[in-house]
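Summary of the model geometry
Chain by chain, the residues:
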Amino acid sequence: MSDKIVTEKDVSIASEAGSMQEVVVPQEGPEREKIERRLKLKLDLRLVPYLALLYLFNALDRGNIGNARLAGLEEGTHLVGDQFYNALSFFYFGYTISQIPNMFIMKKVTPAVLVGVTMVLWGICSTSMAGAKNYSGLVAARFFMGVFEAGVGPAAPIILSFFYLRHELAWRTALFYGSSTFAGAFGGLIAYGVATNLAHEKLAPWQLLFIIEGIPTIFLGFVTIFVLPNSPETLERWFVKPEERQVAIERSRSGHNTDSSMLDKRQLLAAIKDVKNIFTCLIYIGLNIPLASYTSFLPTIVKLMGYKDAEAQLMTVPPYACAIVCVFVVCWNSDRTRRRGYHVAGSAAVACIGYILLISSGHIGANYTGACFVAMGLYPIIPLMLSWVANNNVGHTKRAVSIAMLNTFGQCFATVGTQIYKSPTAPRFFMGYGVCLAFTVVMIVFSLALVVYLKRENSRRDAKYGEPKPLTPKEQQEAIDNGIYDDHPSYRFFI
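Predicted, not measured: the structure shown is a model, and the values here were computed from it. (Residues numbered from 1 in each chain as written. Predicted model: local features only at pLDDT ≥ 70, side-chain atom pairs only at ≥ 80, totals over all residues. Heavy atoms only, no water.)

1. Focus on the environment of Ile289
Tracing the backbone through its elements, the reader meets Ile289 in helix H12 (residues 275-304). By relative accessible area, which is 0% here, Ile289 ends up buried. Distance in space between the C-alpha atoms of Ile289 and Gln419 is 9.8 Å, their sequence separation being 130 residues. Not counting residues up to four positions away in its chain, the partners in contact with Ile289 are Phe413, Val416, Gly417, Ile420, Val435 and Phe439. (Helix = DSSP H or I, 4+ residues; strand = E, 2+ residues; numbered from the N terminus. Buried < 20%, exposed > 50% of the residue type's maximum accessible area, 1.4 Å probe, protein only. Contact = heavy atoms within 4.5 Å.)

Encoded structure:
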């Protein structure tokens, strides 16, 4: 199935008043292209930046514990031994167990409600960490923050797939997930500002940090319930013209979003048994171990390079700035070439170079350069993998479960990343760097193996069925109803 639009010419859509009005739009030609350009511009200016803003706060609240550590968190909550590392792990326990349930909840309620409500709840948990007096209070807040943060990350690629075609996803997903690298940069700047410019008689700097970054999340969650678009059918009249909304609906249907079932158990089983989903889960496991450790321990690692606490907070910014550039460039080129796996393998190779520098040299300059290379390699892989999975799974339930599986396995193993930078191994952290290097190699191996598998499957279908033909929404729905999904003879995988 290609991205070409093939629909019935006359499609009825509901106006906001509830009456039915028929809108006929051209299926090809300059007028069609003009409408599509206007539509995509509007979505790019509203949907993508807003999702990016949500994920910025998601990443900011998740990662601020690393900055809080330098601001006195361990002393303020009386943590000893491995308790800080365990508190990091409990976040991922909560995040893991709620992935798949959240995808089913999204089928029951609107995406806006799921994302908005979970934002309010994790914002409360993040803010409440300022009141933690001991290890138990900190762990409880981190665990439930993980439970609620799982509502945004997995939902966003699903929402984007409702509005964009397969070859348009990686760049938009990069803009969304690229905000996590902005969060790393902003987190360091905010922590530096709190440490150097803010003082409070009763609140320590680490407490101020949780409050300053948590309260805006709560406010934004309430706003999200009312402003986040749920589907092309619900785009408001003030936002798009009738012909633009019609084109949005047709594009969504051509992207295999014709599945109207609330929960399809056959799609659930199909996602679990799909070989390519096993490959993508293995790749994502290889990503999340180094990624989880990088986010939580970069401030500590930079401090041990010889920088003071406030300076260390500030010096965490440049690696994330380098990563931001790489995320956008790599994902733009991935959409341009319609290739995912090669870009994943190439990005992982860049991260490998970074870890080799960190392991092989005790020089501050080489170590800092290595930290930049690690960020430049790891962060582009997040949007690439989520786009790859969304591209290659047909059916709402199958796509949602596949993305949830990806995140579940990845975040489950992220707990390993929180345990490998032990204080006794400082300042060289050979164990931590070595484990991360090994798993970046795992990413390279399995991403290239998946490329080979998908290329062979596409070639087999070409040889057996000939060139793929676009399907009408009715034919797509029949394929879903019959349990064919992405095994359809006209479907070709993104490699």
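On we go from here.
2. Details of the side chain of Thr118
Mapped onto the secondary structure, Thr118 falls in helix H5 (residues 111-128). Of the residues examined, Thr118 reaches a relative accessible area of 7% and is grouped as buried. Here the side chain of Thr118 touches Leu114 through a polar contact of 2.8 Å, landing on its backbone oxygen. Once residues within four sequence positions are removed from consideration, Thr118 is found in contact with Phe148, Gly151 and Val152. (Polar contact = N/O pair within 3.5 Å; in protein donor to acceptor, adjacent residues only side chain to side chain.)

3. Section: the pattern of salt bridges
Under the criterion given, the structure shown has 20 salt bridges. Between Glu250 and Arg32 there is a salt bridge whose closest N-O contact spans 2.6 Å. One end of the pair, Glu250, is in helix H10 (residues 242-254); the other, Arg32, is in helix H1 (residues 30-70), and 218 residues separate them in sequence. Comparing Glu250 with Arg32 shows no difference in burial state: the two are buried. Salt bridges sharing common partners tie together Arg32, Glu36, Lys40, Glu168, Glu250 and Arg251. (Salt bridge = Lys/Arg side-chain N within 4 Å of Asp/Glu carboxyl O.)

4. Focus: unusual backbone geometry
Unusually for a residue other than glycine, His78 sits at a positive phi of about 60°. Residue placement: His78 occurs in the loop between helix H2 (73-76) and helix H3 (83-97). Positive phi, close to 55°, is recorded for Arg338, a residue that is not glycine. Structurally, Arg338 can be placed in the loop between helix H14 (317-337) and helix H15 (341-360).

5. Examining the side chain of Thr77
Counting through the fold element by element, Thr77 comes out in the loop between H2 and H3. At 2.7 Å, the side chain of Thr77 forms a polar contact with the backbone oxygen of Leu73.

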